[in-house]
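Take a look at the letters that make up each chain.
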Amino acid sequence: MGHYLISLDLSDKLCLVIGGGQVAERKVYSLIESGALVRVVGPELTPGLKDMVESGRILYRQGQYLPADLNNIFLVISATDNKEVNRQVAEDCASRNLLVNIVDTPEKCNFFVPAVVKRGGLSIAVSTSGRSPLLARKIREELETTYGLQYGEFLDLIADIRRDVINNVSDKNKKKEILENMVCDEVLDFLKSGRMDMVKERILSAYRSGRT
Ligand SMILES: C[C@@]1(CC(=O)O)C2=NC(=C\c3[nH]c(c(CCC(=O)O)c3CC(=O)O)Cc3[nH]c(c(CC(=O)O)c3CCC(=O)O)/C=C3\N/C(=C\2)[C@@H](CCC(=O)O)[C@]3(C)CC(=O)O)/[C@H]1CCC(=O)O
Ligand SMILES: NC(=O)c1ccc[n+]([C@@H]2O[C@H](COP(=O)([O-])OP(=O)(O)OC[C@H]3O[C@@H](n4cnc5c(N)ncnc54)[C@H](O)[C@@H]3O)[C@@H](O)[C@H]2O)c1
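- In the nomenclature of an unreviewed UniProt entry, the protein corresponds to precorrin-2 dehydrogenase from the organism Pelotomaculum isophthalicicum JI.
- Recorded in UniProt under Catalytic activity (unreviewed entry), the annotation for the protein is "precorrin-2 + NAD(+) = sirohydrochlorin + NADH + 2 H(+)".
- What UniProt states about the protein under its Pathway (unreviewed entry) heading is, verbatim, "Porphyrin-containing compound metabolism; siroheme biosynthesis; sirohydrochlorin from precorrin-2: step 1/1."

1. Some words on the packing of aromatic side chains
Part 1 of the argument: With the rule as written, the count across this model stands at one aromatic pair.
Part 2 of the argument: Arranged with centres 5.0 Å apart and planes meeting at 70 degrees, the rings of Tyr147 and Tyr151 form a pair that is edge-to-face.
Part 3 of the argument: Here Tyr151 falls in the buried class, since its relative accessible area comes to 9%.
Part 4 of the argument: The ring of Phe74 carries the charged tip of Lys13 above its face, separated from the ring centre by 5.2 Å.

2. Looking at the layout of surface pockets
Part 1 of the argument: Of the pockets and cavities examined, the largest pocket occupies roughly 1,800 Å³.
Part 2 of the argument: Secondary-structure elements contributing two or more residues to the lining of the largest pocket are helix H1 (22-33), strand E4 (75-78), strand E5 (99-102), strand E6 (115-119), strand E7 (122-126) and helix H4 (133-146).
Part 3 of the argument: Element by element, the count of residues in the lining of the largest pocket is highest for H1, at seven residues.
Part 4 of the argument: When its residues are assigned to classes, the lining of the largest pocket shows 27 nonpolar, twelve polar and nine charged.
Part 5 of the argument: Here the second largest pocket defines a volume of roughly 330 Å³.
Part 6 of the argument: What lines the second largest pocket is a set of 18 residues, and nearest its centre among them are Gly19, Gly20, Pro43, Thr80 and Asp81.
Part 7 of the argument: Put simply, the parts of the chain that give the lining of the second largest pocket at least two residues each are H1 and strand E2 (37-42).
Part 8 of the argument: Tallied by class, the residues present in the lining of the second largest pocket amount to seven nonpolar, nine polar and two charged.

Definitions and limits used
Residues numbered from 1 in each chain as written. Chains lettered and ligands numbered in written order. Predicted model: local features only at pLDDT ≥ 70, side-chain atom pairs only at ≥ 80, totals over all residues. Heavy atoms only, no water. UniProt positions renumbered as here; feature names shortened; annotations may be inferred. Phe/Tyr/Trp six-rings, centres within 6.5 Å; stacked < 30°, edge-to-face > 60°. Buried < 20%, exposed > 50% of the residue type's maximum accessible area, 1.4 Å probe, protein only. Lys NZ or Arg CZ within 6 Å of the ring centre and 35° of its normal. 1 Å grid on protein atoms, 1.4 Å probe; cavity = no way out; pocket = protein on both sides within 12 Å on 5 of 7 lines; lining within 4 Å. Points joined across faces, edges and corners; volume = space filled by probe spheres on them. Helix = DSSP H or I, 4+ residues; strand = E, 2+ residues; numbered from the N terminus. Nonpolar A, V, L, I, M, F, W, Y, C, P; charged D, E, K, R; others polar.

So this is what it looks like as structure tokens:
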């Protein structure tokens, strides 16, 4: 059965990562990038995680996992190398209806973490439904070469105009025409080749001609 892909708003949500190893570190980075408040529990930390504790970017309780660590938590990632601990976390989370990811047991997860290309507000996520994370990574790397940094800048530009159009253009056809022209093939071709001057010119003219 396929997964239902959603885009979670984690800003200021308290998320728990259990374990302080390599996998925990990767998951912590992606949570922090999404604005989550992250707490890590584990007897020891990688140097990268240690830095994050010292610079105040994450909270840390040194020690073994305890069920009380789940209090007030929105989302849990269990990234220990101990199967029994991971199994216990899965059970504790299921009884509390928490969002939970157990890194060594896909069947106990109620969400997977996809491989993601981020370009400002644009996120391109790749999931293989847990079947081959390495393939997800390879496809993410390929997408990174196709979708450069200019896509984030482009999204900012068209998002502002779109908001203006939604608020100020009442004619449905005109609204549709402006929104479609901003992402027409010609604009996307200029974007792909990094011609931001032409991109800006074309989207402004799409906006102006739609408003007259
Ligand atoms: C995408 C990514 C996101 C991230 O972690 O941030 C991610 N794994 C990544 C890399 C990666 N993981 C593994 C390898 C080694 C090669 C291999 O095993 O294939 C590599 C490759 C590498 O490290 O380069 C090993 C591995 N992974 C899982 C298991 C357990 C199992 O399958 O039983 C084992 C065996 C452990 C063991 O051997 O004991 C399970 C999961 N890994 C997932 C996500 C979820 C499914 C995502 C999907 O739907 O595809 C899921 C189900 C749960 C979860 O973790 O969310 C990230 C790439 C990020 C990027 O580069 O952009
Ligand atoms: N899902 C994925 O993407 C993925 C990728 C690679 C590996 N894995 C799995 O993830 C597991 C962890 O891999 P790793 O490379 O991070 O291992 P690691 O050895 O670097 O880290 C494991 C961490 O778990 C901590 N730990 C052990 N018992 C604990 C407890 N009771 N409470 C809290 N913390 C505890 C250890 O102190 C250590 O910091 C592996 O066993 C592997 O099966 C998953």
